[in-house]
Amino acid sequence: EAEVAQSPRYKITEKSQAVAFWCDPISGHATLYWYRQILGQGPELLVQFQDESVVDDSQLPKDRFSAERLKGVDSTLKIQPAELGDSAMYLCASSIRQGDNEQFFGPGTRLTVL
Amino acid sequence: GESVGLHLPTLSVQEGDNSIINCAYSNSASDYFIWYKQESGKGPQFIIDIRSNMDKRQGQRVTVLLNKTVKHLSLQIAATQPGDSAVYFCAENFFSGYSTLTFGKGTMLLVSP
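Fair warning: this is a prediction, and the values are worked out from it, not measured in the lab.

**Overview of the overall build of chain A**
Within chain A one finds zero helices and eleven strands. In chain A, the order of α-helices and β-strands from amino to carboxyl end is β-β-β-β-β-β-β-β-β-β-β. Compactness check: chain A gives a C-alpha radius of gyration of 13 Å against a globular reference of 13 Å for 114 residues, within 12% of the reference. Here the C-alpha coordinates of chain A stretch approximately 35 × 25 × 25 Å along the principal axes. In chain A, 54% of the contacts between residues at least 6 apart in sequence involve partners at least 24 apart. With an accessible surface of roughly 5,400 Å², chain A has 48% of that area assigned to carbon and sulfur atoms. When the 11 positive and 16 negative side-chain charges of chain A are each reduced to one mean point, those points stand 5 Å apart.

**Observations regarding the interface of chain A and chain B**
The interface is formed by 25 residues belonging to chain A together with 23 residues belonging to chain B. Between chain A and chain B, the buried area comes to about 1,800 Å², and carbon and sulfur atoms account for 51% of it. Our count for the contact surface shared by chain A and chain B stands at zero salt bridges. Our enumeration of links across chain A and chain B arrives at ten residue pairs in polar contact (both at pLDDT 80 or more). The set of elements that each furnish at least two residues to the side of chain A that touches chain B consists of β4 (31-37), β5 (44-50), β6 (53-56) and β9 (88-95) of chain A. Across the side of chain A that touches chain B, the residue classes break down as ten nonpolar, ten polar and five charged.

**Thoughts on the nonpolar core**
Most often, soluble globular proteins have nonpolar side chains that are buried together. In this structure, Phe21, Trp34, Leu46, Leu77, Ile79, Tyr90 and Leu111 of chain A are the most contacted members of the largest nonpolar core, which totals 20 residues. Contributions of two or more residues to this core are made by β3 (19-24), β4, β5, β8 (75-79), β9 and β11 (109-113) of chain A. Those residues within four positions of leucine 46 of chain A in sequence are excluded, and the remaining contacts are Trp34, Tyr35, Arg36, Asp56, Asp57, Gln59, Leu60, Pro61, Leu77 and Tyr90 of chain A. One finds Tyr25, Val64, Leu109 and Val111 of chain B within the second-largest nonpolar core, a separate group that totals 19 residues.

**Re the pairing of strand β8 (residues 86-95) of chain B**
All names here are of chain B. Taken across its ten residues, β8 has eight buried, putting it largely inside the fold. Note: strand β3 (residues 32-38) against β8, seven bridges, orientation antiparallel. Residue tyrosine 36 lies in a different strand from β8, and its bridge partner there is phenylalanine 89. Sheet topology places β8 next to strand β9 (residues 99-112); nine bridges connect them, and they run antiparallel. What sits directly across from alanine 91, in β9, is phenylalanine 103. Hairpin remark: β8 followed by β9, antiparallel, with three residues in the connecting loop; positive phi at glycine 97, about 90 degrees.

**Let's talk about the packing of aromatic side chains**
For the coordinates displayed, the defined rule picks out eleven aromatic pairs over all chains. Their ring planes at 90 degrees and their centres at 5.8 Å tell us that tyrosine 35 of chain A and phenylalanine 103 of chain B sit as a pair that is edge-to-face. Here the residue tyrosine 35 of chain A occupies a position in strand β4, and phenylalanine 103 of chain B occupies one in strand β9, the pair thus bridging two chains. When its relative accessible area of 0% is taken as the criterion, tyrosine 35 of chain A is described as buried. Taking relative accessible area as the criterion, phenylalanine 103 of chain B reaches 11% and is therefore assigned buried. By way of ring pairs, the aromatic residues Tyr33, Tyr35 and Phe105 of chain A together with Tyr36, Phe46, Phe89 and Phe103 of chain B are connected into one cluster.

**Some words on the environment of glutamine 98 of chain A**
The topology assignment puts glutamine 98 of chain A in the loop between β9 and β10 (104-105). For glutamine 98 of chain A and phenylalanine 49 of chain A, which are 49 residues apart along the polypeptide, the C-alpha to C-alpha distance reads 8.7 Å. Excluding anything up to four places from it in sequence, glutamine 98 of chain A contacts Thr31, Gln48, Gln50 and Val55 of chain A together with Phe95, Tyr98 and Ser99 of chain B. Within polar-contact distance, the side chain of glutamine 98 of chain A engages the side chain of glutamine 48 of chain A at 2.3 Å.

**A short note on unusual backbone geometry**
Excluding glycine, most residues fall at negative phi; most peptide bonds, likewise, are trans. Omega for the peptide link from serine 7 of chain A to proline 8 of chain A comes to -5 degrees, which places this bond in the cis form. Tracing the sequence through the fold places proline 8 of chain A in the loop between β1 (5-7) and β2 (10-13). In this model, aspartate 51 of chain A sits at a positive phi of 55 degrees, which is unusual for a non-glycine residue. With respect to the element layout, aspartate 51 of chain A can be found in the loop between β5 and β6. The exposure class of aspartate 51 of chain A is partly exposed, given its relative accessible area of 34%. Even without a glycine there, the phi angle at alanine 79 of chain B is positive, about 50 degrees. Positionally, alanine 79 of chain B belongs in the loop between β7 (72-77) and β8. Residue classification places alanine 79 of chain B among the partly exposed positions, given a relative accessible area of 36%.

Thresholds, definitions, all that
Residues numbered from 1 in each chain as written. Chains lettered and ligands numbered in written order. Predicted model: local features only at pLDDT ≥ 70, side-chain atom pairs only at ≥ 80, totals over all residues. Heavy atoms only, no water. Helix = DSSP H or I, 4+ residues; strand = E, 2+ residues; numbered from the N terminus. Rg over C-alpha atoms; globule rule 2.2 N^0.38 Å. Contact = heavy atoms within 4.5 Å. Areas by Shrake-Rupley, 256 points an atom, 1.4 Å probe, with all protein chains shown as cover. Lys, Arg positive; Asp, Glu negative; His and termini not counted. Charge placed at Lys NZ, Arg CZ, Asp CG, Glu CD. Buried area = accessible area lost by both parts, 1.4 Å probe. Salt bridge = Lys/Arg side-chain N within 4 Å of Asp/Glu carboxyl O. Polar contact = N/O pair within 3.5 Å; in protein donor to acceptor, adjacent residues only side chain to side chain. Nonpolar A, V, L, I, M, F, W, Y, C, P; charged D, E, K, R; others polar. Core = buried A, V, L, I, M, F, W, Y, C linked by side-chain atoms within 4.5 Å. Buried < 20%, exposed > 50% of the residue type's maximum accessible area, 1.4 Å probe, protein only. Pairing = 2+ DSSP bridges. Phe/Tyr/Trp six-rings, centres within 6.5 Å; stacked < 30°, edge-to-face > 60°.

Quick look at the structure:
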């Protein structure tokens, strides 16, 4: 069964360092999403791509966060510099088309900023 | 695995019981309402959705009820099994040029054998 892949699964970094997360969506899925989930809360959308284009990045803290999906397939989310408040689970999801209710989530990257 | 259920409302049931998980939503203009299940250490998994012009939809062992008058959504799970233990999130899908899923607060379901 096809799955969304994410790496690394866990990342520990010190504040002010740069971190990057990678996501490989299910093959053929045009839409890719990055979410942040704080422990005990629901996921919050950071950025949404349709193929290689950003559809919505209104909730992405652009002073320190960046995301790209250059070839419309896999994607990278970067944080530079990391802050203590960035500690969270970063989830990637994909869907066949924009607007689908069913999004397929990866296992996430657990980030701890010390 | 790690827990995503800290400080969450919790529903504890016995195996075989029926479970009802509730959710209050905020946006009357949402087009769809969706339920996701998140097991410990995993990403959320789609369960069922309901269009805003419907009030009930049934799936396999699950039923979603929508009451737009009071902005309330519920998920009923029949014959709850230990494998149903997870955190359940409701979500709203609002389309305005593009769609955005907004997740609500989760509820932890604990099923005892």
